[in-house]
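# Commentary on secondary and tertiary structure
The primary structure of each chain is shown beneath.
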Amino acid sequence: MLKLWGRANSSNVKKVTWLCEEIGLPYARIDAGLAFGVVNTPEYRKLNPNGLVPTIDDDGFILWESNAIVRYLAAKHAAGTLWPADPKVRADADRWMDWCTTTLAPAFIPVFLGLVRTPPEQRNLQAIEDSKKKTGEVLARLAAALAGRNFVAGEQFSVADIAFGPVVYLVNNVAFDRPKLANYDAWYTRISARPAFRKVVALPVT
């Protein structure tokens, strides 16, 4: 059985658990990271020298980096569905997966850390406001790309949507005034209605 290290409420771990739930792939998740520790032990650092989550062990094959894990498992178990068969569609999905990591997530992180993880008296209000503005600008780009599409990479739900899901769940559930974007909101309604999303992504924000 696939082994997965990482706490359930980690956005990056959620990508992997959501994929597994979507395709019915059995996995054993081991709590690791933040309050659970584990990640700084010599044993874990042999698996993942970065001391981060998630990490998987697939019958002796060790892999870390959440997008790489999602791509690997989808290619192995969901080729032609979550892993698009058309190389152009797959490249589009790949692009948006990386864009979520390099552009949307960094824009939003100061909002999340400031409003969820930082006591009110210690918050950097200017940094939070700047992050809110940047997040809105980035979401508008995503919304524009979703015009005429049901999902990020076209008409088929794919790894691209899975990469976005845990991040946009936080965006939509942290109390800040994000812009109303029709294409984005319709897409979010579609992905958040999926049973696997409700099971492993829609957890309390902490």
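Right above here is the structure, for reference.
To keep things clear, this report deals only with the structure shown in the data block. (Residues numbered from 1 in each chain as written. Predicted model: local features only at pLDDT ≥ 70, side-chain atom pairs only at ≥ 80, totals over all residues. Heavy atoms only, no water.)

### Regarding the pairing of strand β2 (residues 27–30)
We count it as follows: What makes two strands pair is DSSP finding at least two bridges between them. Under the scheme used here, helices are H or I runs from DSSP no shorter than 4 residues and strands are E runs no shorter than 2 residues, and both carry numbers assigned from the N terminus. Seen with the strands pointing away from the viewer, any crossover whose path from the first strand over the helix to the second strand runs clockwise is right-handed.
One ladder, built from four bridges, connects strand β1 (residues 2–5) with β2; its direction is parallel. Paired with Leu-4 across the bridge in β2 is Arg-29. Crossover β1 to β2 through helix α1 (residues 11–23) is right-handed.

### What to know about the environment of Asp-185
The test is simple: What makes two residues a contact is simply this: any of their non-hydrogen atoms within 4.5 Å.
On the secondary structure map, Asp-185 appears in helix α7 (residues 182–192). A sequence separation of 112 residues divides Asp-185 from Leu-73, and the C-alpha atoms of the two residues are 28 Å apart. Once residues lying within four places of it in the same chain are set aside, the contact partners of Asp-185 are Arg-178 and Lys-180.

### So, the sheet that holds strand β3 (residues 55–58)
What counts, and what does not: Under this scheme, a helix contributes an axis fitted over its contacting stretch, all axes are lines through C-alpha atoms, and angles between N-to-C directions fall in the 0 to 180 degree range.
Strand order in the open sheet formed by four strands is β2-β1-β3-β4, and the pairing between neighbours is mixed. The open sheet has two edge strands, β2 and β4 (61–64), and neither has a second partner. Each neighbouring strand pair of the sheet contributes to a mean axis angle of 20 degrees, computed without reference to strand direction. Where helix α3 (residues 66–77) meets the sheet, its contacts fall on β1, β3 and β4, and the angle it forms with β4 comes to roughly 135 degrees.

### Let's talk about the pairing of β4
The pairing of β3 with β4 spans four bridges and is antiparallel. When the sheet's bridge partners are listed, Asp-57 is paired in β4 with Ile-62.

### Topic: the pattern of salt bridges
Definition in use: Criterion for a salt bridge: a side-chain nitrogen of Lys or Arg within 4 Å of a carboxyl oxygen of Asp or Glu. Burial status follows relative accessibility: with a 1.4 Å probe on protein chains alone, a residue under 20% of its type maximum counts as buried, one over 50% as exposed, and anything between as partly exposed.
Under the criterion given, the structure shown has ten salt bridges. Ionic pairing is found between Arg-194 and Glu-22, a salt bridge with its closest N-O pair at 2.9 Å. One end of the pair, Arg-194, is in the loop between α7 and α8 (195–200); the other, Glu-22, is in helix α1, with 172 residues separating them in the sequence. Overall, Arg-194 belongs to the partly exposed group, its relative accessible area being 25%. Note that Arg-71 and Asp-94 form a salt bridge whose closest N and O atoms lie 3.0 Å from each other. Of this pair, Arg-71 sits in helix α3 while Asp-94 is found in helix α4 (residues 87–117), placing the two residues 23 residues apart along the sequence. For Arg-71, a relative accessible area of 19% corresponds to the buried category.

Read these as geometric descriptors, not functional statements.
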